[in-house]
Every structure is written in C-alpha cells, then in structure tokens.
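Remarks on the overall topology
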Amino acid sequence: MWVLFRGGNPLRILLPQRGEWMGRRGLPRGLAPGPPRRRYRKEALPDLEIPVLPVTATKIRQYLREHGIPFQDGHSCLRTPSPFVESSQLKDQTAATSSFSLYIDKTTGCFLCMTSLAEGSWEDFQASVEGEGDGASEGLLLSKAPEVEDSEEVWRIWNRAVPLQELPDPEEVQLANTMFGLTKITDDTLKRFSVRYLRPARSLVFPWFSPGGSGLRGLKLLEAKCRGDGVSYEETTIPQPSAYHNLFGLPLISRRDTEVVLTSRELDSLALSQSTGLPTLTLPQGTSCLPPALLPYLEQFRRIVFWLGDDLRSWEAAKLFARKLNPKRCSLVRPGDQQPHPLEALNRGLNLSRIIRTALPAWHKSIVSFRQLREEVLGELSNVEQAAGLRWSRFPDLNRILKGHRKGELTVFTGPTGSGKTTFISEYALDLCSQGVNTLWGSFEISNVRLARVMLTQFAERRLEDELDKYDHWANRFEDLPLYFMTFHGQQGIRTVVDTMQHAVYVYDICHVVIDNLQFMMGHEQLSTDRIAAQDYIVGVFRKFATDNNCHVTLVIHPRKEDDDKELQTASIFGSAKASQEADNVLILQDRKLVTGPGKRYLQVSKNRFDGDVGVFPLEFNKSSLTFSTPPKNKTRLKKVKDEAGPVTKKPSSGKKGATPQNSEICSGKAPSLDQPDTSKPSK
C-alpha cells in the first residue's frame, strides 16, 4: 500500500481527538491499530494567525473548470477523474468508473479515490493538480505505508471466531440466539453477512472488509451481558471508533442498487435484509456521528431510508444525517410502538416492507400545514421525557427546573467576575459530553491546555497532581469523549467562529457548542461603532445558528458592573435586552461570598422557555476535584422565585426516589465500565 506525503489539513481550526466516544468499552490501547487507508501525512499544526478560508462547492467547481478537469455533480460530492489511479489498476474497471473515481466533498473539499483509496484535503488535491513539491501528482506517491500495527490481532480474533451455526453445542447456539435476539434470523443470512461468534468472549463478530471484499480491515465485537432481568450490549471496535469507518453490508451492495436502508445496529441490518431483500448498511458509530468520509459510498443511491431506532434521539440523528446526504432523497422511519428497531419488528411479526414504504420524507417546503407536522407532534406527546431532552447526571436540581438539555436552543449564562463561570460551565458541558453529546468548546479567555486540565480533573473527580501514576488511565478515558476544541484564543471575528462551528457540525455532528465568552467577538470586525448594536448582531447570529443546525449553543456573557451586595438579575446581562429575549434559557451563577462567606454560590434559572419553570438552588464547590455539587438532601431547598411575568412557580418535588444514572451500564454490583465515568458517586 502506498502513502501520500503531503501536508495540509482542512480541519486546522479544530483539535480533533483520536477517539470518538460511543459509550462502550474499548480494547486496550495496544490493541487498537490505525486505519489501513492511504493518507497524506499531517506533519505539523498550521499557524493560527493565518485565517483559513472555507471551501465552497462554487469555488470547487470554478477551480475544476479553470484547470480543465471534467466533473459530474452529485448529491453531496463531485466526481472527477482520479490522478491517483495507476494504469494497472484500470484494467478490471469499466470506463465510466475508472474515469470518474475521485469523489470531492462539496462542503469540506476532502477527496477519496474509490479505486486506490487515496484520500486527503482540498489543498492536497490542488497540490496534485498544480504539481507542487515533487512535480506531478504521481510524484507524491513515494513509498509504501507501514503495515497496520495490530493486523495480526485482527486476524487472530477473526480466525478464532466461528460461524454461529457451527458451534458444537446446540444449547450454546440456542442461548446465543436468545441473548442477541436472533431466533428469527436464518443461518443463510448470518453466512451471507459473514457474521461469526467468538466463544471465549461470548460476542458476535462483524467484519470490516475493503470495498470489493478484498481484505479484512477491522472488526466489531458485540458482547451480550445479563443485567438483572434484561440484556445489555457492549461494543468493541478494532481499530478504535474514530478510525472505524465500516459500512457493514457494503460488499453486498451492487452498482445497480438505487435504494438503501441505513440502520444504527448490525443486527437491524440482518433483519431488514432478510425480511425485505433491500440493500442495507449499518452506520459505524450508530446515531452518534456520520463521518463525511462515508458519503462517497452513498452517492449512487436515489433513495435513502433512515431507520435508526425507536426513540427521539434516533429521530433527531436521522434528520441531522439527512442534511448531509441531500434531504430530497432521504426518508425517515418515525419511532413509535408499531415502528421499533427493525430486529424487534421482525421478532414481533410486523411488516417491515410496509413500514419502509410509509417512511416520511426528510425534506419539505418553507411553509407547511399541520398535516406535515402531526406525526412529529404525536412523537413528542408519546415521549414526553425524551422530548424534554437529555438529563444531567451531576445536577439533579437543574433537571427539576429545565427538565433536560434540548437541541436547537440558546442558553445564556452569566455570573460575577471570579465566581467560577468557566469552571461551572465546563462541568455542565462535561456531564452531557460523558453521555454522548458531541461537544465543541470555544474558549477565548483561557487556553485549551488549561481548560482541558480543569475538565480532566472534573472527569476524574480527584487531584491528579497527587496521582500522576493514574494520569494515563484517566487521560485515555477522557480522550474517548466526543469533545473538540476550537484553537482560537483572544479576540476573534464572529464570521470565522461561525464558519468553524458550521464545519464542526458537518464533520463531527456537533450537538452542543460552548462559547466562552461573547465579549471576545465584539469589535473585532468593526461591525458597528456601537458595542450594544454589535452584541445584538452577534447574539442574533448564534440564535440563527442554533435553530438552523438544530444545535444547542451555550453562550457565556459577562454581566454589567453591579454592587457586590446585590444579586444579579436578567437585566444585569451586559448589553440590551436582545440576549435575554433571544435565549431559550438564562442561567445566572450567583456568588454571595462577600456577604455570606467563601464558597456560597447559587445557580438561578431566570428563564425557561420550554415549560416556564424557574428557580434557584445552592451549589458547593469542591476544590480538590474542581466540581460543583448539590448539597446534601437535608440542606437543599429550592427557592420559589417570581417569574418576570408575575406568577409564582410551584415548588418542585425534592424527592429523589427513582432517579437513576443515565448510564445503564452502572447497574448491578459490579464496578462501572472503565470507558465512562461513574458520575453518580463523587469520589471522596
């Protein structure tokens, strides 16, 4: 295999992590090989002082025309002749395929050659066309890439696994079928998808084959564990999730197929293929992310049906992914009692073909009637708790007031200088990120190193300075979170920041953006000589971004200068009333240390557009773990506050009966999984 030696990175304004959190246990780091793809070498981070101009589809088309390169316009990619295909590779290819085998992403400019598997950034493609560095594009092919570090481990696991139907003990076969819900999946279906069973680990093994099935590139292991009266599943991928780009079922796809069903689980693809006969593919990271690197493989389909799950989170993920693939060709299966996961639907005897035929179109015009909305309204009424959003595990009192964290909202957060705004909001975001919310941090006030240190301490809930021998353990777990940082520091222009956010939403499916803080974007581009007008414009931009991208934006704003003995109010937010009017939620960190002594802080929810509940609850700061925790039950008392509209809110119930951690893996008497922090019990 060849490697392309060329710098350039279209994501230079982000710090991508090596791992994508999936809420599942991974193999030890030594067992996670790198992706066996041909890549450009990323040698150094770029100079952050040089602005990165965004690539647009118009600019890409203009560049191709200027250099006389023919192209075909697709749904999410442009197809061009590939300069990375050797003549020997074209013998077994058709003329149409060989001449237009390079796919260029319209949004990022990244390319992938389907024949040679060469890939790189838009700058790399320009260098190959213009003959930079070594001359012609063929000159970039210098040497062979090193072998995958743990390819032997992949083959060792694969060779030890056997087809399920070949197990010698019939009772073991029956137990495995029951544990994984395969009682109605035939042996022929398992054989066609090359599914095997690893007896020592009691896991199903799903292979990742190269396009055309020419080689084994990785594996996914699905382990079933008894949890009380039910069964829970844990996934392990080789290579690690960020490099595992396996569209399970791809070798079975024909070039003549024009319709495909996308699922979030391999077992669902087995059920759909067997029941309907339609081409099915499984997204490698489920509902967490749809990597843009997979889009070229979906270009050939005229209709794509998303059937990702049976909850609102799957529904929201399907709508987000459909925007990447052109909503006009996408349809969505709405979650419901009669439309569960495909495997469950098969086991219940439901008609899967009928469910697919009734899938709702993902695209609609700017003006709709209730007829187009009634299904979504029914979904929210049928799933009230899910519609309220994801609940925090560290802040139960915040759940009682806000009910949850919802996509598409704008939260404004303020507090006195030195009260701990950044420290609180980092734990606030870390709580959600630990539950799988893809998060982008924009810290303009403190460096990313310092912010990461604070968040790592909060994640471990202990002073790592005193336990350096455990640093690698916690750092490895922290690295697997879906957490990304903008590399901006100091004053930045709003247009550059929003372009970065837009890019992150496309590439990493970001659901939560934290901006700390708004004042660092005022005055940079001379939007107006009036700072109040400039702030109103910036707040409006973030409001529009949250709505258009269905992404939650948390915006930190400094308050006006108030007397130390006075509590902050909604009107204390710097600027005009624009920020509080546009915001869905307004949070105020009240610091009363000058009056009542050090450490006395309260979080006030002064606006809640979801259901109107507002309130105040106390916080206690743990200096060793840098965390804010709700005081013990006998000390906690929620204050009744008057809304600005007048009425007094009802006092929420202070009982904690029935509250359980979001992570279902922290059940039974066993130790929690090492891939996810046990936030239900603060360390002592």
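Residues numbered from 1 in each chain as written. Predicted model: local features only at pLDDT ≥ 70, side-chain atom pairs only at ≥ 80, totals over all residues. Heavy atoms only, no water.

Within an unreviewed UniProt entry, the label attached to the protein reads Twinkle mtDNA helicase, and the organism entered is Saimiri boliviensis boliviensis. According to the UniProt record, the Catalytic activity (unreviewed entry) comment for the protein reads "ATP + H2O = ADP + phosphate + H(+)". (UniProt positions renumbered as here; feature names shortened; annotations may be inferred.)

Considerations on the nonpolar core
Ranked by internal contacts, the top residues of the largest apolar core, which has 65 residues, are Phe 306, Met 501, Val 513, Ile 515 and Phe 542. Among the elements that line this core, the one with the most residues is helix H17 (residues 494–508), at nine residues. Setting aside residues no more than four positions away along its own chain, Phe 542 makes contact with Leu 410, Ile 494, Met 501, Ile 515, Met 521, Val 553 and Leu 555. In terms of nonpolar packing, the next biggest core, distinct from the first, is built from 38 residues, Leu 481, Leu 589, Leu 603 and Val 605 among them. (Core = buried A, V, L, I, M, F, W, Y, C linked by side-chain atoms within 4.5 Å. Buried < 20%, exposed > 50% of the residue type's maximum accessible area, 1.4 Å probe, protein only. Helix = DSSP H or I, 4+ residues; strand = E, 2+ residues; numbered from the N terminus. Contact = heavy atoms within 4.5 Å.)

What to know about the environment of Tyr 297
Along the chain, Tyr 297 turns up in the loop between strand S14 (280–282) and strand S15 (303–306). Spatially, the C-alpha atoms of Tyr 297 and Leu 250 are 8.4 Å apart, while their sequence positions differ by 47 residues.

Remarks on the pairing of strand S11 (residues 216–227)
The buried count for S11 comes to 10 of 12 residues, which makes it a mostly enclosed element. For strand S10 (residues 203–209) and S11, the ladder comprises seven bridges, and the chain directions are antiparallel. Each residue of the ladder has a partner; that of Ser 203, found in S11, is Glu 223. Two elements, S11 and strand S12 (residues 230–238), share nine bridges in a ladder whose sense is antiparallel. Bridge pairing links Leu 219 to Ile 238 in S12. (Pairing = 2+ DSSP bridges.)

Looking at the environment of Gly 408
Its location among the elements puts Gly 408 in the loop between helix H13 (396–402) and strand S18 (410–414). Note on Gly 408: relative accessible area 16%, which makes it buried. Sequence-distant contacts of Gly 408, defined by excluding residues within four places in its chain, comprise Arg 543, Ala 546, Thr 547, Asn 550, Cys 551, His 552 and Asp 584.

A closer look at the sheet that holds strand S17 (residues 360–361)
A sheet is described by the order of its strands in space; here five strands give the open sequence S14-S13-S15-S16-S17, paired in mixed fashion. If you trace the sheet from one side to the other, it starts and ends with S14 and S17, each paired once. Note: strand S16 (residues 330–332) against S17, two bridges, orientation antiparallel. Bridge pairing in S17 places Leu 332 opposite Leu 360.

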